Amino acid sequence: MKTTIVIPNYNGAHFLEKCMLALENQSKHDFSILFVDNDSKDESIKSIKSYMEKEPERVFLIENEENYGFAKAVNQGILFAKEAGARYALLLNNDTEVDPFFVEKLVEFMEEREARGEKIFALSSKMVKMHDPRLMDDAGDELCVLGFPFQRGLEDSEKNWNTPEEVFSACAGAALYSIDALEKTGLFDEKHFAYLEDVDISFRAELYGYSIYYCPSAICKHVGSGTSGGKYSDFKVELSARNSIFLLYKNFPFFLKIVNFLPFLLGFLIKAFYFQKKGYGKAYRKGILRGLKERKGMKKADFRGIPLTRYIALEWRLLKNCFVYLSERKRRKELRL
């Protein structure tokens, strides 16, 4: 199969029927499906095995004996895809329902760009809210100079996000990755466990000269935080805070850390104040301290041979994204009034 769809799963049995029905109704079926289960305690395995019995040549399962997290689960899937001879790995959350042309449009977009000679790392799909598909959930992710990753288009009308364009990062909840490009960047960093691992790997891809695009013709309904149980929790806030330290430590060369020290510091103070107001101040502070303590065990990006012009372009983009981020925040605030 040209593409392997990798679905990490942890106690997601209640999502699987809708997710699988959408995949069964795809316009083309030149893909296999691999579930990577992180030791679910619900009826997930039973459900997955029923799909395997129906299509034993297309549906597969890796059963882990413990919860290894999102990053390791998708790495297992990518390695499976590579061994199976697939060109692409399509990472898909279990709490999704994809459009009938979803896979076809992503692969078509990728192949068109590759045929032009572009170095494509990944494609981010058009993710809309499951409860209200008129609203956006994610149109690819960006990073600003404050150190904030953010979702483009969040809670905006989906009608405003129909233009293909380059983005900083693909959202790995529903994104297509080139297996050849992953050979160059390396796989997802398993020490992240979950959260920001997609921005981290996309950052490396950007440094190494790859492009990442938003593909609006590939539409996907998404519950959001379906496995972690909600927008915020102590677990999610702590892990995201820790991983934000990893993200900046690993992917910025020393001279850019110096240049951006004050913006980074301001960003962390803003986040600390925000989560204190939300009741997660302790979890956020704990995550930051963990990140500072554990960062030295992380493998940094390979900065050798990266031209200075690429760093300058990156810095300019991060600076511009501050205004984009503030504009997005203002828009969402006005919608709530």
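Cut-off values and rules
- Residues numbered from 1 in each chain as written.
- Predicted model: local features only at pLDDT ≥ 70, side-chain atom pairs only at ≥ 80, totals over all residues.
- Heavy atoms only, no water.
- Helix = DSSP H or I, 4+ residues; strand = E, 2+ residues; numbered from the N terminus.
- Rg over C-alpha atoms; globule rule 2.2 N^0.38 Å.
- Buried < 20%, exposed > 50% of the residue type's maximum accessible area, 1.4 Å probe, protein only.
- Expected span 1.5 Å × (residues − 1).
- Contact = heavy atoms within 4.5 Å.
- Phe/Tyr/Trp six-rings, centres within 6.5 Å; stacked < 30°, edge-to-face > 60°.
- Lys NZ or Arg CZ within 6 Å of the ring centre and 35° of its normal.
- Patch = residues over 30% accessible without salt bridge, like charges linked within 9 Å, V, L, I, M, F, W, Y side chains within 5 Å.
- Areas by Shrake-Rupley, 256 points an atom, 1.4 Å probe, with all protein chains shown as cover.
- Salt bridge = Lys/Arg side-chain N within 4 Å of Asp/Glu carboxyl O.

Draft legend 1. Up close: the overall build of the protein chain. In terms of helices and strands, the protein chain carries 11 helices and 12 strands. Over its C-alpha trace the protein chain gives a radius of gyration of 19 Å, about what one expects of a compact globule, namely 20 Å for 337 residues. Oriented by its inertia axes, the alpha-carbon framework of the protein chain measures out at about 55 × 45 × 45 Å. When each of the 337 residues of the protein chain is scored for burial, the buried share is 53%.

Draft legend 2. Up close: helix 3 (residues 69–83). For helix 3, which comprises 15 residues, the first-to-last C-alpha distance of 22 Å matches the rise-based estimate of 21 Å (1.5 Å per residue) to within 8%. On its buried face, helix 3 is in contact with strand 1 (3–9), strand 2 (31–38), strand 4 (88–92), helix 5 (179–185) and helix 6 (197–207). Among the residues trailing helix 3, Gly 85 stands out with phi positive, at a value near 85 degrees.

Draft legend 3. View of the packing of aromatic side chains. Counting across every chain of the model gives 18 aromatic pairs. Pairing Tyr 177 with Phe 188 gives two aromatic rings, centres 5.6 Å apart and planes at 75 degrees, and the pair type is edge-to-face. Within this pair, whereas Tyr 177 is found in strand 11 (residues 174–178), its partner Phe 188 is found in the loop between helix 5 and helix 6, the two being separated by 11 residues in sequence. The two residues Tyr 177 and Phe 188 agree in class, both being buried. Taken together through their ring pairs, the aromatic side chains of Tyr 232, Tyr 274, Phe 275, Tyr 280 and Tyr 284 make up a single cluster. The ring of Tyr 68 carries the charged tip of Lys 72 above its face, separated from the ring centre by 4.0 Å. Directly above the aromatic system of Phe 148 lies the positively charged group of Lys 271, at a separation of 4.7 Å from the ring centroid.

Draft legend 4. Representation of a nonpolar patch on the surface in the model. Taken together, Phe 255, Val 259, Leu 308 and Ile 312 make up a surface patch of nonpolar side chains, about 390 Å² in accessible area. Examined against the element boundaries, Val 259 turns out to sit in helix 8 (residues 254–259).

Draft legend 5. Region of interest: the pattern of salt bridges. Scanning all chains against the criterion turns up 26 salt bridges. Across the pair Lys 2 and Glu 111 runs a salt bridge whose closest N-O atoms are separated by 3.0 Å. Remark: Glu 111 occurs in helix 4 (residues 102–115) and Lys 2 occurs in the segment before strand 1; sequence separation between them is 109 residues. Residue Glu 111 is classed as partly exposed on the basis of its relative accessible area, which comes to 27%. Notably, a salt bridge pairs Glu 183 with Lys 82, separated by 2.4 Å at the nearest N-O pair. Of this pair, Glu 183 sits in helix 5 while Lys 82 sits in helix 3, and the two are 101 residues apart along the sequence. If you follow the salt bridges from partner to partner, you end up with Glu 238, Arg 242, Lys 286, Arg 290 and Glu 294 in one network.

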